[in-house]
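Here is how the chains run, residue by residue.
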Amino acid sequence: MVNNTKVYLEIVKQLREMITIDGLKTGDKIPSERELSERLNFGRSSVREALRALELLGLIETRRGEGTFIRDFRGNHLVQLLSTFILQDEKAKRDVFETKNFIEMDCLRLAIHKIDDQSIVNLKKWVNQQGIIDDNDFFYQIVEIADNHLFARIWSILKDYYHSLDSSRMIYSREDYVFLLEALAEKNEAKILTAYYRLRNLSVFNDKY
């Protein structure tokens, strides 16, 4: 089982590198199973299993009589798969929410070194213009400022996971967002974390679960 997993991961890794090198994009056709086996130097059965797994995750699609193509993947398929088969218990929901929070805190730490005065002004203006502040929209801007692609990708997927499990949205205080932005303007990490904990009121979290 371990060896099979290592083979699968290596095939996926090499396939991704091949897609990058060949400049393939969404909608493009990938080489046939036989061609991949020869090019990646793996048995056809192993390549076939790896392709089946990637198709299950929605990364590729096979069209009868045409071949296999790269899908327009934005995480929706994976979110649906995980929410249906994996993330059903209450602890899993809590873990997703907590992990999302940790990434948001790390992005705030990164933003300290990358945000400028005009960005602070723009964020405050945006907050004041909103009728009801969408927490995801707010932290999307923070994640963008943090400018860490991996954090951005993981945060986006976790956000979608969480809302696929619970469609309700918690409403946070406008003043708490302003307080967070003031702490960010001061570039004071301790104050920023205090502001974040204040925003994510622990009692609200406990009441929710």
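Note that this is a predicted model, so its numbers are computed, not measured. (Residues numbered from 1 in each chain as written. Predicted model: local features only at pLDDT ≥ 70, side-chain atom pairs only at ≥ 80, totals over all residues. Heavy atoms only, no water.)

Caption draft 1: Looking closely at the sheet that holds strand β3 (residues 67-70). With antiparallel pairing, the 3 strands of this open sheet are ordered in space as β1-β3-β2. Both outer strands of the open sheet, β1 (29-30) and β2 (60-63), are each paired with one neighbouring strand and no more. Across the face of the sheet, helix α3 (residues 44-56) comes into contact with β1 and β2 while running at roughly 105° to β2. (Pairing = 2+ DSSP bridges. Helix = DSSP H or I, 4+ residues; strand = E, 2+ residues; numbered from the N terminus. Contact = heavy atoms within 4.5 Å. Axes fitted to C-alpha atoms, helices over the stretch in contact; angles between N-to-C directions.)

Caption draft 2: Expanded view of the pattern of salt bridges. Tallied over the entire structure, the rule returns 15 salt bridges. Between Lys 25 and Asp 28 there is a salt bridge, with its nearest N and O atoms 3.8 Å apart. Overall, the relative accessible area of 55% leaves Lys 25 in the exposed class. A salt bridge links Asp 135 to Arg 200; its shortest N-O distance comes to 2.6 Å. Taken together, the positions of Asp 135 in helix α7 (residues 135-146) and Arg 200 in the loop between α10 (189-199) and α11 (202-208) put the pair 65 residues apart, joining distant regions of the chain. Across the pair, exposure class does not vary: Asp 135 and Arg 200 are buried alike. Through salt bridges with shared partners, a single ionic network connects Lys 100, Glu 104, Asp 135 and Arg 200. (Salt bridge = Lys/Arg side-chain N within 4 Å of Asp/Glu carboxyl O. Buried < 20%, exposed > 50% of the residue type's maximum accessible area, 1.4 Å probe, protein only.)

Caption draft 3: Broad picture of the packing of helix α5 (residues 90-114) against α7. One way to put it is that α5 packs onto α7 with a least axis distance of 8 Å and a crossing angle of 50°. Compared by their axis directions, α5 and α7 come out oblique. You can see that α5 and α7 cross each other, and the crossing is left-handed. Residues Lys 100, Glu 104, Cys 107, Leu 108, Leu 110, Ala 111 and Lys 114 of α5 form the contact with α7, whose own contacting residues are Asp 135, Asn 136, Phe 139, Ile 142, Val 143, Ile 145 and Ala 146. Residue classes in the contact of α5 with α7 are distributed as 9 nonpolar, 1 polar and 4 charged. (Parallel < 35°, antiparallel > 145°, perpendicular 65-115°, else oblique. Left-handed = near helix turned anticlockwise from the far one by under 90°. Nonpolar A, V, L, I, M, F, W, Y, C, P; charged D, E, K, R; others polar.)

Caption draft 4: A look at the side chain of Glu 104. By secondary structure assignment, the location of Glu 104 is in helix α5. Leaving out residues up to four positions away in the same chain, Glu 104 has contacts with Phe 139, Trp 155, Tyr 196 and Arg 200.

Caption draft 5: Region of the structure containing the nonpolar core. Counting 37 residues, the largest nonpolar core has Phe 138, Phe 139, Ile 142, Leu 180 and Leu 184 as its most contacted members. If you list the elements that add at least two residues to this core, you get α5, α6 (117-129), α7, α8 (149-165), α9 (174-186) and α10. Beyond its immediate chain neighbours, meaning those up to four positions away, Leu 184 contacts Leu 108, Ala 111, Ile 112, Ile 115, Ile 120, Ile 142 and Ile 192. Membership of the second largest hydrophobic core comes to 13 residues, among which are Phe 42, Ala 50, Leu 54 and Ile 60. (Core = buried A, V, L, I, M, F, W, Y, C linked by side-chain atoms within 4.5 Å.)

Caption draft 6: View of α9. Over its 13 residues, α9 runs 19 Å from end to end, which matches the ideal 18 Å to within 8%, given 1.5 Å per residue. Burial in α9 covers these residues: Asp 176, Tyr 177, Leu 180, Leu 181, Ala 183 and Leu 184. Looking straight down α9, one finds its buried side chains confined to an arc of 160°; they lie on one side. Against the buried residues of α9 lie α5, α6, α7 and α10. In the segment just after α9, Lys 187 is the residue with positive phi, at about 55°. (Expected span 1.5 Å × (residues − 1). Arc of directions from axis to C-beta.)

Caption draft 7: Looking closely at the packing of α9 against α10. Contact geometry of α9 with α10 gives a least axis separation of 8 Å together with a crossing angle of 170°. With respect to α10, the axis of α9 lies roughly antiparallel. Across the interface between the two elements, Glu 175, Asp 176, Tyr 177, Phe 179, Leu 180, Ala 183, Leu 184 and Glu 186 from α9 touch Lys 191, Ile 192, Ala 195, Tyr 196, Arg 198 and Leu 199 from α10. Tallied by class, residues from the contact of α9 with α10 come to 9 nonpolar, no polar and 5 charged.

Caption draft 8: A look at the environment of Ile 115. Position of Ile 115 relative to the elements: it lies in the loop between α5 and α6. For the pair Ile 115 and Leu 184, spaced 69 residues apart in sequence, the C-alpha to C-alpha distance is 8.3 Å. Ignoring anything within four residues of it in the chain, the contact list for Ile 115 reads Ile 120, Leu 123, Ile 145, Leu 184 and Lys 187.

Caption draft 9: Representation of the packing of aromatic side chains. Inspection of every chain in the model, using the stated rule, returns 5 aromatic pairs. Pairing Trp 126 with Phe 138 gives two aromatic rings, centres 6.5 Å apart and planes at 35°, and the pair type is tilted. Of the two residues, Trp 126 is situated in helix α6 and Phe 138 in helix α7; the sequence distance between them amounts to 12 residues. Joined through ring pairs, the aromatic side chains of Trp 126, Phe 138, Phe 139, Tyr 172, Tyr 177 and Tyr 196 make up one cluster. Sitting above the plane of the Phe 69 ring, Arg 63 keeps its charged end 3.9 Å from the centroid. (Phe/Tyr/Trp six-rings, centres within 6.5 Å; stacked < 30°, edge-to-face > 60°. Lys NZ or Arg CZ within 6 Å of the ring centre and 35° of its normal.)

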